Amino acid sequence: MSPTRFRWPIASYAGGNARAWLLTIVRNSCYTWLSRNRPRSIVSVGDLGDLDEVSAAHAVDLTESESPEASLIAKAEVAAMEAAIAALPQPFRETLVLRDVNGLAYRDIAAMLGVPIGTVMSRLARARGLLISDLGRAQ
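Because the structure is predicted, anything quoted here is derived from the model rather than measured.

1. Some thoughts on the overall build of the protein
What the protein contains, in helices and strands, is six helices and zero strands. The order of α-helices and β-strands along the protein, N terminus first, is α-α-α-α-α-α. Here the protein holds 139 residues, and the buried ones make up 24% of them. In the structure as shown, the protein presents an accessible area of about 9900 Å², 58% of it carried by carbon and sulfur atoms.

Below, the structure is given as structure tokens:
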């Protein structure tokens, strides 16, 4: 087995948001690796692990006065949100995670995905609408 040689595309950095540039490289490298090493039928894209960090950052600290029932309900709500995001079509899920989880700007997401800003905004609106309707049906 020959080692894979990675060439850092530092020359492609043209200024701007370095985080978006780096995430683009990671995303493209991941897609390349997945296309070479995994059958298409099982490829799934989307990092729901980031949701754990976001939910932990926004969660209210549990106090002794909070009941176990409230804690269980909060965990169920997080699980329902993760399942609803995982069920989104890939372009919507990707846009939603980049914007709402990673906090990237529309312009950075558009550059990263290679689509117009209007497409990013419409995908994001569509993803949020699908989440709202999916979570509304679950209640």
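2. Section: the environment of T119
Here T119 shows up in helix 6 (residues 117–138). Sequence separation between T119 and Y106 is 13 residues; the distance between their C-alpha atoms is 9.7 Å.

3. Some points on helix 3 (residues 68–86)
Counted at 1.5 Å a residue, the expected span for helix 3 with its 19 residues is 27 Å, and the 27 Å between its end C-alpha atoms agrees. Turning to helix 3, its buried residues are S71, A84 and I85. With its buried residues spanning 155° around the axis, helix 3 presents them on a single face. For helix 3, the exposed residues set more than 90 degrees away from the buried face come down to P68, E69, L72, I73 and K75.

4. Re the pattern of salt bridges
Applying the stated criterion across every chain yields a total of one salt bridge. The residue R128 makes a salt bridge to D100 at a minimum N-O spacing of 2.7 Å. In this pair, R128 sits in helix 6 while D100 sits in helix 4 (residues 90–101), placing the two residues 28 residues apart along the sequence. Residue classification places R128 among the partly exposed residues on the basis of a relative accessible area of 34%. Taking relative accessible area as the criterion, D100 reaches 37% and is therefore assigned partly exposed.

5. Overview of the nonpolar core
Grouped together as the largest cluster of nonpolar side chains are ten residues: A84, I85, L88, F92, L96, V97, V101, L124, A127 and L131. When residues of this core are assigned to their parent elements, the largest contribution, four residues, is made by helix 4. L98, L104, M112 and V120 belong to the second-largest nonpolar core, a separate cluster that totals nine residues.

6. Some remarks on the packing of helix 4 against helix 5 (residues 106–113)
Running from N to C, helix 4 and helix 5 point in directions that differ by 140°, and their axes come no closer than 10 Å. Between helix 4 and helix 5, the crossing angle belongs to the class labelled oblique. With respect to the hand of their crossing, helix 4 and helix 5 are arranged in right-handed fashion. Note on element contacts: helix 5 touches helix 4 through Y106, I109, M112 and L113, opposite E94, T95, L98 and R99. Of the residues assigned to the contact of helix 4 with helix 5, the class counts are five nonpolar, one polar and two charged.

Rules used in this analysis
Residues numbered from 1 in each chain as written. Predicted model: local features only at pLDDT ≥ 70, side-chain atom pairs only at ≥ 80, totals over all residues. Heavy atoms only, no water. Helix = DSSP H or I, 4+ residues; strand = E, 2+ residues; numbered from the N terminus. Buried < 20%, exposed > 50% of the residue type's maximum accessible area, 1.4 Å probe, protein only. Areas by Shrake-Rupley, 256 points an atom, 1.4 Å probe, with all protein chains shown as cover. Expected span 1.5 Å × (residues − 1). Arc of directions from axis to C-beta. Salt bridge = Lys/Arg side-chain N within 4 Å of Asp/Glu carboxyl O. Core = buried A, V, L, I, M, F, W, Y, C linked by side-chain atoms within 4.5 Å. Axes fitted to C-alpha atoms, helices over the stretch in contact; angles between N-to-C directions. Parallel < 35°, antiparallel > 145°, perpendicular 65-115°, else oblique. Left-handed = near helix turned anticlockwise from the far one by under 90°. Contact = heavy atoms within 4.5 Å. Nonpolar A, V, L, I, M, F, W, Y, C, P; charged D, E, K, R; others polar.

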